[in-house]
Amino acid sequence: MRGATDAERPARRVQVRNQGSTTSADVITATRGSKMAAAMQDWWLWSLVLLSLTAETSAFYVPGVAPINFHQNDPVEIKAVKLTSSRTQLPYEYYSLPFCQPSKITYKAENLGEVLRGDRIVNTPFQVLMNSEKKCEVLCNQSNKPVTLTVEQSRLVAERITEDYYVHLIADNLPVATRLELYSNRDSDDKKKEKDVQFEHGYRLGFTDVNKIYLHNHLSFILYYHREDMEEDQEHTYRVVRFEVIPQSIRLEDLKADEKSSCTLPEGTNSSPQEIDPTKENQLYFTYSVHWEESDIKWASRWDTYLTMSDVQIHWFSIINSVVVVFFLSGILSMIIIRTLRKDIANYNKEDDIEDTMEESGWKLVHGDVFRPPQYPMILSSLLGSGIQLFCMILIVIFVAMLGMLSPSSRGALMTTACFLFMFMGVFGGFSAGRLYRTLKGHRWKKGAFCTATLYPGVVFGICFILNCFIWGKHSSGAVPFPTMVALLCMWFGISLPLVYLGYYFGFRKQPYDNPVRTNQIPRQIPEQRWYMNRFVGILMAGILPFGAMFIELFFIFSAIWENQFYYLFGFLFLVFIILVVSCSQISIVMVYFQLCAEDYRWWWRNFLVSGGSAFYVLVYAIFYFVNKLDIVEFIPSLLYFGYTALMVLSFWLLTGTIGFYAAYMFVRKIYAAVKID
């Protein structure tokens, strides 16, 4: 699946292990109407206005990702984003380490998503000019003196290197990448070896060798430009299409610097790396070089380098596997509906065999109790309302991202969109919760609306606040600043809460769901249940198939979250999401049918819990991923991992439980509407 946008089309993946694709489509909708002549005139008038506007526009670009044209020797600003490590999961801002600083430090105004991601985009002292080479330049050169790191600074740098930290820079909104050349045929001759070029996000801060720590103090920037076609009398313009770096470690004695901030690199491999001794002061030079190369890659395709896609077969295998699972479920469901259920309904509707029917066991015998309101109807409706809110938000985000509107070039756009959409989807969550609460004979709608607006968001905010306190203690840029936290609270109570109340009010006033049978005054006694009807056994049985339909995609999502890699597989993700919805609905119907056949009418809460059973397997997979894929050993990174994983599992349980509940509710209403009840 491939995607393209007019502005910055990322079609492939960036990292060494995970590659992906994107799907995009341009949707053009034409409408015709013939009700009122005046309305038609207005429609044509506005259409002509829009056409006249678009006719004058040569191209449309998403704000913030439009191409920038450079002329010869125009400055190309190099900015720093952050330092990251998959071992600690704690991002730090660039100047938390003693790098050379410009005369004036300027931080970029960031959106909500960038702040939550821990990005702190700041200017750097690198002086790069378009299509202008630099052999070697010294940073923060004061009277030809090297930089002296204090013992405390040396200890901090050494600690960051041993924790495998990466430095992330950007040029023209394009992230820096380190080229990795892998050879597939190791045993064959050198001439026959196939070179596989892949790219690593950012560059390593340093490396360790034989218990010694070395810092990458020289950066060789390799920037690629695309020359734009211009008329003969116009000056050529250039666009940056790739940003690579080759980090090197060169000791102080091997670098020769002069007073003009120029330097001479050692020839060949005679130089030794720059060691950082954490027990004493260290002297070194920070240097860089710039090399430009012309490229045939056009600006719209410049992300193709980063988003290389070599595992399409794995994703198609995932999709085919998921489709097989869904067809298997559909076969079971069809057998139940076509054979068993129709037979049951036919037998129950025989008027001349009523006495035999009453003696049989089956789902009809609980018709007087199947719609009996459960315990804690307010909490149930509130959780289901939050589930509807999550469902609408996830569906819209994945669909919009699939169209290419939330590409990695729009930094932080995905998380910002998700936050705002969740707030505005509160009206739908409140409406569904209010109507269900009234159906369950609830009366305190104001309290129910408040519970819907605060229960799930309150748990999320509470866990995030506790984790944020630990991140604050580590002085990490991943800590959400206090003003941002206040802004999120204002969004919660100023946007989401009123919208939930509004939706709840109209949902509670609307006619409740029409149940086809009446509820008896005296509850029916429930017979003793078999062992396989246990709630936990039901969770294990119901969760395995939906999880099997999406576990391959889960690996790429976890890699993107915990290993600082790009995720742009929204085309596949959209298909997997549709398959997940179908499989959850089907398994939920099967489970509620077996429960009612066992004459257990307490299906409301049980079905909600059992339908979210795949969240249990997500938790198990998260533990497996932590043990086998990540190298986290410290307490706070482990706490962050399991804290955020708990939020993911809770949200996934709400999502799948809500999908299964409404599918089962529709099924129960359908089957009891099909039988004759005396």
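- Under the annotation held in an unreviewed UniProt entry, the protein chain carries the name Transmembrane 9 superfamily member and is attributed to Dipodomys ordii.
- Within the UniProt record for the protein chain, the comment given under Sequence similarities (unreviewed entry) is "Belongs to the nonaspanin (TM9SF) (TC 9.A.2) family."

## Brief notes about the nonpolar core
The tendency in soluble globular proteins is for nonpolar side chains to be buried as a group.
Next, step 1: With 86 residues, the main nonpolar core has Leu596, Trp603 and Tyr672 as its most contacted residues.
Next, step 2: Sorting the residues of this core by element identifies α4 (312–348), α6 (377–402), α7 (413–424), α12 (551–562), α13 (570–597), α14 (604–611), α15 (614–628) and α16 (635–673) as the ones contributing at least two each.
Next, step 3: Broken down by element, this core gets its largest block of residues, 16 residues, from α16.
Next, step 4: Two domains each provide a minimum of three residues to this core, namely domain 2 (313–340 + 540–677) and domain 3 (375–513).
Next, step 5: Residues contacting tryptophan 603, with those up to four places away along its chain left out, are Val370, Val592, Gln595, Leu596, Phe661, Ala664 and Tyr665.
Next, step 6: Ranked by size, the runner-up nonpolar core spans 57 residues in total, among them Leu149, Ala158, Tyr225 and Ile636.

## Thoughts on the pattern of salt bridges
Next, step 1: In the structure shown here, the tally under the stated rule is 14 salt bridges.
Next, step 2: With a closest N to O distance of 3.3 Å, aspartate 600 and arginine 602 form a salt bridge.
Next, step 3: Arginine 602 sits in the exposed class, given a relative accessible area of 53%.
Next, step 4: Each of Arg87, Asp164, Arg204 and Asp631 takes part in salt bridges that share partners, so that together they form one network.

## Considering a nonpolar patch on the surface
Next, step 1: A cluster of nonpolar residues, Phe465, Ile466, Phe470, Trp472, Phe482, Val486 and Phe635, forms a patch on the protein surface that exposes about 680 Å² of accessible area.
Next, step 2: For the nonpolar patch, the secondary structure elements donating two or more residues are α9 (445–473) and α10 (482–509).
Next, step 3: Counting residues per element, the nonpolar patch draws most heavily on α9, which supplies 4 residues.
Next, step 4: Residue position: valine 486 is located in helix α10.
Next, step 5: What makes valine 486 partly exposed here is its relative accessible area of 33%.

## Some points on unusual backbone geometry
The phi torsion of most residues other than glycine is negative, and most of the peptide bonds are trans.
Next, step 1: One non-glycine residue, asparagine 131, adopts positive backbone phi at about 55°.
Next, step 2: Along the polypeptide, asparagine 131 turns up in the loop between β2 (122–123) and β3 (134–138).
Next, step 3: Positioned with a positive phi, glutamate 599 is a non-glycine residue whose angle comes to about 65°.
Next, step 4: Among the structural elements, glutamate 599 can be located in the loop between α13 and α14.
Next, step 5: Overall, the relative accessible area of 13% leaves glutamate 599 in the buried class.

## Observations regarding the pairing of strand β1 (residues 78–84)
Remember that side chains alternate between the two faces of the sheet whenever the strand is regular.
Next, step 1: Of all 7 residues making up β1, 6 are buried, and the element is well covered by its neighbours.
Next, step 2: Where β1 lies against strand β5 (residues 166–171), 6 bridges are found, and the strand directions are antiparallel. The residue bridging isoleucine 78 from the neighbouring strand is alanine 171, located in β5.
Next, step 3: The sheet contact formed by β1 and β2 spans 2 bridges and is antiparallel. Paired with lysine 79 across the two strands is asparagine 123, which belongs to β2.

Rules behind the numbers
- Residues numbered from 1 in each chain as written.
- Predicted model: local features only at pLDDT ≥ 70, side-chain atom pairs only at ≥ 80, totals over all residues.
- Heavy atoms only, no water.
- UniProt positions renumbered as here; feature names shortened; annotations may be inferred.
- Core = buried A, V, L, I, M, F, W, Y, C linked by side-chain atoms within 4.5 Å.
- Buried < 20%, exposed > 50% of the residue type's maximum accessible area, 1.4 Å probe, protein only.
- Helix = DSSP H or I, 4+ residues; strand = E, 2+ residues; numbered from the N terminus.
- Domains from an automatic or database assignment.
- Contact = heavy atoms within 4.5 Å.
- Salt bridge = Lys/Arg side-chain N within 4 Å of Asp/Glu carboxyl O.
- Patch = residues over 30% accessible without salt bridge, like charges linked within 9 Å, V, L, I, M, F, W, Y side chains within 5 Å.
- Areas by Shrake-Rupley, 256 points an atom, 1.4 Å probe, with all protein chains shown as cover.
- Pairing = 2+ DSSP bridges.

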